[in-house]
Amino acid sequence: KLFSVRSSANVEDGEFQSFAGQFDTFLNVPGENVKDKIKEIISSLNSDGVKAYCEKSGTDISDIKMNIIVQDMIDSDIAGVLFTANPQGILNESVITVGRGLGEGIVSSKVDTTSYYYNLTDRICYFEGKEDLFDQDKIEELIGISNKMKAIFGEYLDIEFAVKSGVIYILQVRPI
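Note that the structure is predicted; figures quoted are calculated from it, not measured.

Colleague: Would you mind going over the overall build of the protein chain in detail, with residue names and values included?
Modeller: Within the protein chain one finds 4 helices and 9 strands. Mapped from its N terminus to its C terminus, the protein chain presents α and β elements in the order β-β-α-α-β-β-β-α-β-β-α-β-β. Its C-alpha radius of gyration of 17 Å places the protein chain within 12% of the 16 Å reference for a compact globule of 176 residues. With the C-alpha coordinates aligned to their principal axes, the bounding extent of the protein chain is approximately 45 × 40 × 30 Å.

Below, the structure written as structure tokens:
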């Protein structure tokens, strides 16, 4: 069995700074290596990049609290992120950005992505990108899941997900 061992620090995607990509994350980790990968993620708190970003953003490194997420590894067909409100300030529009493969390819811009813009008022959706990866039913399913998440975690969310064989898996939910 393989695992995803991911950082989830309190300062990632913060209101005034974003430490996204500063801390280590490991995919396809065999069970016997999970403990070592957790230690490596914790050690990434002291990397030169994190120290430099703290100095640049005015963050006291002692304010960083590191959590680690250990999940079953999902070898996704498609992965993505759903914003329950468009981060550009359009509050009645959800944005879904997806790409083929694992989410790391999307984050690192190694795969082509498609973005769907879904108007929450009139349920009209359009996409931008080379490839239409989701049909209307899959988009509606994601919007339905996001509505359930909003009832639990609040209105404006960043939801990471993976799709394998048509099944949607929620990987992480946090405020935008």
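Colleague: Can you explain the sheet that holds strand 4 (residues 78–83)? Please cite residues and give values.
Modeller: Read across the open sheet, the 6 strands follow the order 7-6-5-4-8-9; overall the sheet is antiparallel. In this open sheet, the two edge strands, each paired with only one partner strand, are strand 7 (125–128) and strand 9 (167–175). When strand polarity is set aside, the average angle formed by the axes of neighbouring strands in this sheet is 20 degrees. Those strands touched by helix 4 (residues 136–153) are strand 4, strand 5 (93–100), strand 6 (113–119), strand 7, strand 8 (157–164) and strand 9, and its axis lies near 40 degrees from that of strand 9.

Colleague: If you had to explain the pairing of strand 1 (residues 2–9) to someone new, which residues and values would you point to?
Modeller: Here strand 1 lies mainly inside the structure; 7 of its 8 residues are buried. One ladder, built from 3 bridges, connects strand 1 with strand 2 (residues 26–30); its direction is antiparallel. In the sheet register, Leu2 faces strand 2, and the bridge partner there is Pro30. Pairing analysis gives 7 bridges linking strand 1 to strand 3 (residues 66–72), with the strands arranged antiparallel. Within strand 3, the position partnered with Arg6 by the bridge is Ile69.

Colleague: Please provide a residue-by-residue account of helix 2 (residues 48–57), values included.
Modeller: Where helix 2 is concerned, the buried positions are Val50, Tyr53 and Cys54. Each buried residue of helix 2 lies within a common arc of 105 degrees when the element is viewed along its axis, so the set occupies one face. In helix 2, the exposed positions that point more than 90 degrees away from the buried face belong to Asp48, Glu55 and Lys56. Phi turns positive one or two residues past the end of helix 2, at Gly58, with a value near 75 degrees.

Colleague: Run through the pattern of salt bridges, naming residues and quoting values.
Modeller: Applying the stated rule across the entire model yields 10 salt bridges. Here Lys130 and Asp112 are joined by a salt bridge, their closest N and O atoms 3.6 Å apart. With a gap of 18 residues between them, Lys130 in the loop between strand 7 and helix 4 and Asp112 in the loop between helix 3 (103–107) and strand 6 connect regions that are remote in the sequence. For Lys130, a relative accessible area of 74% gives the class exposed.

Reading the values: rules and limits
Residues numbered from 1 in each chain as written. Predicted model: local features only at pLDDT ≥ 70, side-chain atom pairs only at ≥ 80, totals over all residues. Heavy atoms only, no water. Helix = DSSP H or I, 4+ residues; strand = E, 2+ residues; numbered from the N terminus. Rg over C-alpha atoms; globule rule 2.2 N^0.38 Å. Pairing = 2+ DSSP bridges. Axes fitted to C-alpha atoms, helices over the stretch in contact; angles between N-to-C directions. Contact = heavy atoms within 4.5 Å. Buried < 20%, exposed > 50% of the residue type's maximum accessible area, 1.4 Å probe, protein only. Arc of directions from axis to C-beta. Salt bridge = Lys/Arg side-chain N within 4 Å of Asp/Glu carboxyl O.

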